[in-house]
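Close look at the chain arrangement
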Amino acid sequence: MSLDRRRFVHKLAGSQTPAGSEPPTSRADSMSVKGRLLERMLEELDRRNVLNADEDTVRSAVGEFVQQVLETEELPLNASERGRLAQELADDALGLGPLVPLMLDPAVSDILVNAPGQVYAERHGRLERTDVRFRDEAHVMRVIERIAARVGRRIDASSPMVDVRLPDGSRVNATIPPVSIDGPTISVRRFGRSRLTRRELMRLGMMSAEMVRFLDGAVRARASMVISGGTGAGKSTLLGALAETIPSNERVVTIEDTAELVLDQEHVVRMEARPPNVEGRGEISVRDLVRNSLRMRPDRIIVGEVRGGEALDMLQAMNTGHEGSMSTVHANTPRDALARLETMVLMAGLELPSRAIREQIVSAVSFLVHVRRFEDGVRRVESIAEIVGMEGSTPLLQEIFKFERQGRQGRRITGSFQPTGITPRDLVDWRVRGVDLPADLFGPPGTRRG
């Protein structure tokens, strides 16, 4: 906790007594006091109409409430616990409750609440159980309702799921019964305020310098690509890093279900889908946004993730003058990514034969970049494959780079990023566009460690 935050906590508590100078009371006592005060405080803040005000206003109102309570009631708490009580009440009023310490930890990338006493966090690729606790399921529900309310959403039995984006860019998904049988759940995917660069991803072992050089050239040569991988594999992170190479004079339109991408270019238009309201109206889908983006004179379109019929519109955009566009898709292998794209095109509702869809994919997408989170928690680019055409009715893939797993050293997986010796077929065309990559970049295999 910073010095300013300590001063703030002690100011709220109205105490000049150093922490630890009074005998400690049990955590159960402080939780019991907090439970009794929380409902009163929320009613008071609601009466004063400050629950949806800015953070400073809410904290100030919480401070006044706590100070009043301390002056009029005898609480079985020492000075340190009074300060903690004030802080926790303010955090509850602001919506995140007990999760605030995890949100303040820059090492935490995911927060998962399975039950009041089961809160997990992912740090540096490893999922671990934390000592964060909610009092009961009603407390979890209250936090969910506060998170939803602060962005104008509602969650109840008629709409038991909610997916929202917090002001810091973090994405929150919450479910309540009857869809989550054992009680309410919260899943938070955190995103850094700054984007990881290609150099930083190299340092973290995600890919080699040769792979970065090749992908940079592909982006500058306006080769369209799809990044595939499982949940949490680093698809959006890699997408943002690759977009760093897009020339600053190009107009980029980003389209996402929940805005996550952070781009440095000046000429960027960010668009975000909107779910239907409680009456089932007002939905703006990713597909609607992709179609609308074509009227916005984009040089490139970046779809954060394709999940449905928008895949058809994205492929058509790539085939009609918007080369160099990019997207991500959930898939376990590059071949699975092609199958998923085909399935999602069918979700657009058009009766297209499989061969026509595959030909559309082959002509639109130049490269599939597959990322994977390995057992040691490290996210690596497992394969970069070029789509080279069709053999009968089957799209052909040729691998340009791959990660070769060799063994383990303690907990960490060892291996190397290797070129396969295959040269991309469009390398000559890239030179016309000012991208000249040496043939020896693709072989013989190097020894870059992963």
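Refer to the structure presented above.
Residues numbered from 1 in each chain as written. Predicted model: local features only at pLDDT ≥ 70, side-chain atom pairs only at ≥ 80, totals over all residues. Heavy atoms only, no water.

Further remarks concern the overall build of the chain. A count of helical and extended segments in the chain gives 14 helices and 16 strands. Within the chain, residue pairs in contact and separated by at least 24 positions form 59% of the contacts whose partners lie at least 6 positions apart. Roughly 21,500 Å² of accessible area belongs to the chain as shown, and the carbon and sulfur atoms make up 48% of that amount. (Helix = DSSP H or I, 4+ residues; strand = E, 2+ residues; numbered from the N terminus. Contact = heavy atoms within 4.5 Å. Areas by Shrake-Rupley, 256 points an atom, 1.4 Å probe, with all protein chains shown as cover.)

Two faces, one strand: in a regular strand the side chains alternate between the faces of the sheet. Where strand β1 (residues 108-115) lies against strand β6 (residues 185-189), four bridges are found, and the strand directions are antiparallel. From the neighbouring strand, Leu-112 faces β6, where its bridge partner is Ser-187. When strand β5 (residues 171-175) meets β6, the two strands line up antiparallel, connected through five bridges. Paired with Val-172 across the strands is Val-188, a residue of β6. (Pairing = 2+ DSSP bridges.)

This paragraph deals with the packing of aromatic side chains. Taken as a whole, this structure holds eight aromatic pairs when the rule is applied. For the ring pair Phe-214 and Phe-442, a centre distance of 5.7 Å and an interplane angle of 85° mean the geometry is edge-to-face. A residue pair is termed long-range when its members are at least 10 positions apart, and Phe-214 in helix α8 (residues 209-220) and Phe-442 in the loop between α14 (427-432) and β16 (448-449) qualify at 228 residues. With a relative accessible area of 0%, Phe-214 lands in the buried category. Ring centres 6.0 Å apart and planes at 65° place the aromatic pair Phe-367 and Trp-430 in the edge-to-face group. Taken together, the residues Phe-367 in strand β12 (residues 367-373) and Trp-430 in helix α14 connect sequence positions 63 residues apart. The pair Phe-367 / Trp-430 is uniform in exposure class, with both members buried. (Phe/Tyr/Trp six-rings, centres within 6.5 Å; stacked < 30°, edge-to-face > 60°. Buried < 20%, exposed > 50% of the residue type's maximum accessible area, 1.4 Å probe, protein only.)

A word on the packing of helix α11 (residues 310-319) against helix α12 (residues 334-346). Contact pair α11 / α12: the axes reach a minimum separation of 6 Å and the direction vectors enclose 110°. When the axis of α11 is compared with that of α12, the two are roughly perpendicular. Here Ala-311, Leu-312 and Leu-315 of α11 lie close against α12, whose contacting residues are Leu-341, Met-344 and Val-345. (Axes fitted to C-alpha atoms, helices over the stretch in contact; angles between N-to-C directions. Parallel < 35°, antiparallel > 145°, perpendicular 65-115°, else oblique.)

With that settled, the discussion passes to the sheet that holds β1. Read from one edge of the open sheet, six strands run β3-β2-β1-β6-β5-β4, paired in antiparallel fashion. The open sheet has two edge strands with one neighbour each: β3 (126-129) and β4 (161-165). The mean angle between the axes of side-by-side strands here comes to 15°, regardless of whether they run parallel or antiparallel.

The next point concerns unusual backbone geometry. The amide bond that connects Pro-177 to the next residue, Pro-178, takes the cis arrangement and shows omega of 15°. Here Pro-178 shows up in the loop between β5 and β6. You will see that Arg-222, though not glycine, has its phi angle at about 60°, which is positive. In this fold, Arg-222 is placed in the loop between α8 and β7 (225-229). The residue Arg-297 is not glycine, and still its phi comes out positive at about 55°. Structurally, the position occupied by Arg-297 is in the loop between α10 (286-293) and β10 (300-303). The exposure class of Arg-297 is exposed, given its relative accessible area of 56%.

This paragraph deals with the nonpolar core. In this structure, Phe-214, Met-225, Leu-238, Ile-302, Met-326, Val-381 and Trp-430 are the most contacted members of the largest nonpolar core, which totals 42 residues. Those elements that provide at least two residues to this core are α8, β7, α9 (235-243), β12, β13 (379-391), β14 (394-409), β15 (412-419) and α14. Sequence-distant contacts of Met-225, defined by excluding residues within four places in its chain, comprise Leu-215, Ala-218, Val-219, Leu-242, Met-318, Ser-325, Met-326, Ser-327, Val-365, Phe-367 and Val-369. Core analysis: the second largest hydrophobic core is formed by 33 residues, Ala-311, Leu-341, Val-345 and Ile-361 among them. (Core = buried A, V, L, I, M, F, W, Y, C linked by side-chain atoms within 4.5 Å.)

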